[in-house]
Structures are given as structure tokens and as C-alpha cells.
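Coordinate inspection notes
Chain by chain, the residues run as shown.
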Amino acid sequence: MKLGVLLAARSVDEADKRLAQAREAGFSLCQLDLKKGGCTRSDLLAIADRMLEHGVRPVAVGCHVNPLRPDDPGPIGVSRDDLVHLLQQLDIIGARRIVFSSGTYAESPFDAHPDNRSDEALDALVDFVRGVVAATKARHYHLVIEPWFGHVLYNEDRIIAFHERLEPAVSEHVRYVIDACSLIGPDRYPKRDTETRRALRAVGRAAGVVHLRDCIMPPDGEADLTAPGQGKLDYGAYVASLMEYVPDDTPAVIRNLTPEEFGQVRDYLLRLADGWQLV
């Protein structure tokens, strides 16, 4: 499984800085999250040039439109138009996996909303994905949807139910972010290691990208998402389950860490398992 790091950028200059930090820490792969709408072809060409200069290749690009509010850029700053535009420029950026969330009716992208669990919300996500696929001229790409326990795709059963609603011509382009912390809410946290393995067994084969992070929740401390090994998951067991249930060609991306921690967390994961590839 290839190992990279998540980088977020609001400008070409910020992307250049983050790419340099990743390369210095020994990474040659990344997921680049675009935190600004309106990226032009020239912007993407400039970012691609910086990637080439630093020797860091994108395995995925994050464009975190909210499928339940697709025309509202929201606090992250991207809308459906940005996603569709990015999908027309895949030849430039060099990644065929585009990551976005499963959506929320809440104002904040990180907040839950009771209507997220409704059939109407699931239908809205289906319609959104169908529309994006219909508007995309590229043939080889994956929309990688990121679940979250407070969003539309809140557990593995909901992911399966969603995928079964998609026509084959749509579902062939859809994969999912596999991330224990996205599916382990407060109700599952007490049995988090058992629940994590259950989730991976159910949906691991549908992985488009793996996200590597850790979590803490009460009573172990204030709710927080941390770098791998800094929370309360049995991280060795988690990585072993990833290697067992997720296809080998799925890239894994480390997240929830500062640039100063890049090298330290990379080395921790390399010590934890032999199955990682850095190129």
C-alpha cells in the first residue's frame, strides 16, 4: 500500500510550501486538498509544475464540496462548479481520484444534522453523484466519497445502501475514503477496535483512498482527531486490518498532523508494518 501525506493549500504559493515540507520529510506522494474555489487552468498548471519540481506526486485531490448544498461554497470555499471544473482538468493535476464529503444539511462542514439520516438526504447524494458523472467527460476517474458519522454516509450499512442505489455506469466511478475515525462516533467509541474491524470487513474492498489518523473521545479525554498513534485506537491492529481488507493498490494518506510531525509519523507507520511503499 502506497503511503503519502495530506497537504492543504489555498494558493499556488501555499501548495509550493507544503510540497517542499512533504519532500523534506521523505514523502513523494500526497493528497492535495484545494481550499479555494475558482482555481483556473493556469493555477492548476502552476501547482502541477511545483509538484514536478519537488518530486511529489498526487494520488488524490480533495475538492470538498457539500453535496447537500452544492451551489454554496461555504467555509471551505468550493462548490459543484469547482468540482466539475477540476474533473475536466485531470490531465493537468495527474490524479484520478477526487475526494469530497458525503454531505450535511448543517451550516458547518463538521457538524451533524438530524435530517442527514433521512431517505431524502440519501436521494440528494445519489442525484448529486449522478449529475457529476453525467457532466464529466473523462473516462478514467473515481469520485471518492468521504463518510462521517454525522453526515449522510454515517456508517458502513449506509454506504452499502447508497452504493446499491447507483446505476452501474455511475457506481463504477464511485469509491470511498476508508478511515476508522470517520465512522467511529461516540456510540461506537467504547468498542472502537471491534467496530473498526467490522467496518473494514464490510466496505474495505470499495476503498478509493485510506485516511490515516487517530481519535480520542470521552471518557479518555476531550473529543479530538490526532495523528496516527496519538489517540486511543489500537493502531497496530487497525493497520493489520487495513492490510487485510483494503486492496493493495489503494493509496494511504496520513492526516491530522503538522508539517513538523511529517517525518516522525511517517517513521512510526513504517515501524508498525512492512507493507508500506513510499513511491
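Details of the structure are given in the entry above.
This write-up is about the structure you can find in this document. (Residues numbered from 1 in each chain as written. Predicted model: local features only at pLDDT ≥ 70, side-chain atom pairs only at ≥ 80, totals over all residues. Heavy atoms only, no water.)

1. As for the packing of helix 1 (residues 12–24) against helix 2 (residues 41–54)
The following threshold applies: Structural elements are reduced to axes, namely lines fitted to C-alpha atoms, with helices fitted over the stretch in contact, and the angle between N-to-C directions of any two is expressed from 0 to 180 degrees. Where helices and strands are cited, they refer to DSSP runs of H or I of at least four residues and of E of at least two residues respectively, numbered from the N terminus. Reported orientations rely on four angle classes, namely roughly parallel under 35 degrees, roughly antiparallel over 145, roughly perpendicular from 65 to 115, and oblique for the rest. In this scheme, a crossing is called left-handed if the near helix is turned counterclockwise away from the far one by less than a right angle; it is called right-handed if the turn is clockwise. In what follows, a contact means two residues having at least one pair of non-hydrogen atoms within 4.5 Å. We call Asp, Glu, Lys and Arg charged. Ala, Val, Leu, Ile, Met, Phe, Trp, Tyr, Cys and Pro are nonpolar, and the rest, Gly among them, are polar.
At their nearest, the axes of helix 1 and helix 2 sit 9 Å apart, and the two run at 20 degrees to each other. With respect to their mutual orientation, helix 1 and helix 2 come out roughly parallel. Classified by chirality, the crossing of helix 2 by helix 1 is right-handed. Along its contact with helix 1, which presents Val 12, Ala 15, Asp 16, Leu 19, Ala 20 and Arg 23, the element helix 2 presents Asp 43, Ala 46, Ile 47, Arg 50, Met 51 and His 54. Grouping the constituent residues of the contact of helix 1 with helix 2 by class yields 7 nonpolar, 1 polar and 4 charged.

2. Concerning the sheet that holds strand 4 (residues 97–101)
We count it as follows: One bridge is not enough; two strands pair if DSSP finds at least two bridges between them.
Around the barrel, which closes on itself, the 8 strands sit in the order 1-2-3-4-5-6-7-10 with parallel pairing between neighbours. Between one strand axis and the next, the sheet turns by 30 degrees as a mean value, whatever way the strands run. Bridge count for strand 1 (residues 3–9) against strand 2 (residues 29–34) is 5 bridges, and the pairing is parallel. Within strand 2, the position partnered with Leu 6 by the bridge is Gln 31.

3. Points about the environment of Ala 112
Convention followed: Relative accessibility decides the category of a residue: with a 1.4 Å probe and only protein chains considered, values under 20% of the type maximum give buried, values over 50% give exposed, and everything between is partly exposed.
Here Ala 112 is to be found in the loop between strand 4 and helix 5 (119–135). The exposed category is assigned to Ala 112, whose relative accessible area is 55%. Sequence separation between Ala 112 and Leu 270 is 158 residues; the distance between their C-alpha atoms is 35 Å. The contacts of Ala 112, once residues within four sequence positions are left out, are Thr 104, Ala 106 and Gly 150.

4. Here's the deal with helix 9 (residues 192–203)
Under the convention used in this document: A helix's residues, less one, multiplied by 1.5 Å, set its expected span. Arc, as used here, means the arc of the directions from the helix axis to the C-beta atoms.
Look at helix 9: 16 Å from first C-alpha to last across 12 residues, which is about the 16 Å you get at 1.5 Å a residue. Those residues of helix 9 that fall on the buried side of the exposure criterion are Arg 192, Glu 195, Thr 196, Ala 199, Leu 200 and Val 203. Around the axis of helix 9, the buried residues are gathered within 135 degrees of arc, so they sit on the same side.

5. Re helix 5
End to end, helix 5 covers 24 Å across 17 residues, agreeing with the expected 24 Å (1.5 Å per residue, within 8%). Those residues of helix 5 that sit buried are Ala 121, Leu 122, Leu 125, Val 126, Phe 128, Val 129, Val 132 and Val 133. All buried residues of helix 5 lie within an arc of 160 degrees about the axis, which places them on one face of the element. Residues of helix 5 that are exposed and point more than 90 degrees away from the buried face comprise Glu 120 and Ala 134. On its buried face, helix 5 is in contact with helix 3 (80–87), strand 4, strand 5 (142–146), helix 6 (156–164), helix 7 (168–171) and strand 6 (174–178).

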